[in-house]
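# Examining the three-dimensional arrangement
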Amino acid sequence: ETGVTQTPRHLVMGMTNKKSLKCEQHLGHNAMYWYKQSAKKPLELMFVYSLEERVENNSVPSRFSPECPNSSHLFLHLHTLQPEDSALYLCASSQVQGIGYEQYFGPGTRLTVT
Amino acid sequence: RKEVEQDPGPFNVPEGATVAFNCTYSNSASQSFFWYRQDCRKEPKLLMSVYSSGNEDGRFTAQLNRASQYISLLIRDSKLSDSATYLCVVPEGSARQLTFGSGTQLTVLP
């Protein structure tokens, strides 16, 4: 495996379900990110894990819970979601050093909440 | 002022045309900038990084004007495969976070 991988690629879940999205990066990077991309809207940063520190967007509802067990793996735990949470969820990684920190994205998980 | 603001699209141009997109940003402390392209229903992919006044890679040229706080992307000799949404990306806050513009859609017509 190379780059950034995400599973599952597609997910349909009911509002009472609990599911988790998984991301793995094979680039040796030290930071990982979760983004949400809704139709016709810019990418919205949800969570950052960098050098074992977590930064979060305060507007993200508590029904989204991230977990980063190590620098290569990132999870997004989902519970009691709403239909408006249907979106493309993208994981990214970067090497934070100096002024250069290009982010590389995984293919995303397309989530539909019914 | 929005943190990152891009030209409204869509841009429809014929094959072979030259097209330019502009992007303005509000964080005057930003030192690096990026252009990503995103194909329909796919993830964003890094196109170019800009650390100084500009960068050139084949048919693509990015220029940075720090005084006016804007970045441009020029595409020469457009190909059908250039059709995509182009995202202007600017660091925001700490070095770990990037702010994405809403994107400019380009369609290159045969």
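Report on the accompanying structure. (Residues numbered from 1 in each chain as written. Chains lettered and ligands numbered in written order. Predicted model: local features only at pLDDT ≥ 70, side-chain atom pairs only at ≥ 80, totals over all residues. Heavy atoms only, no water.)

### Brief notes about the interface of chain A and chain B
- With 23 residues of chain A at the contact, the number on the chain B side is 21 residues.
- Between chain A and chain B lies a buried interface of about 1900 Å² when both sides are counted; carbon and sulfur atoms form 59% of it.
- Across the chain A-chain B interface, the total number found is 0 salt bridges.
- Remark: the boundary between chain A and chain B carries 4 residue pairs in polar contact (both at pLDDT 80 or more).
- Put simply, the parts of the chain that give the side of chain A that touches chain B at least two residues each are strand E4 (31-37), strand E5 (44-50), strand E6 (53-56), strand E9 (87-94) and strand E10 (104-105) of chain A.
- Residues that form the side of chain A that touches chain B fall into these classes: 15 nonpolar, 5 polar and 3 charged. (Contact = heavy atoms within 4.5 Å. Buried area = accessible area lost by both parts, 1.4 Å probe. Salt bridge = Lys/Arg side-chain N within 4 Å of Asp/Glu carboxyl O. Polar contact = N/O pair within 3.5 Å; in protein donor to acceptor, adjacent residues only side chain to side chain. Helix = DSSP H or I, 4+ residues; strand = E, 2+ residues; numbered from the N terminus. Nonpolar A, V, L, I, M, F, W, Y, C, P; charged D, E, K, R; others polar.)

### Quick look at the side chain of Gln25 of chain A
- Take Gln25 of chain A: it is sitting in strand E3 (residues 18-25).
- What makes Gln25 of chain A buried here is its relative accessible area of 3%. (Buried < 20%, exposed > 50% of the residue type's maximum accessible area, 1.4 Å probe, protein only.)

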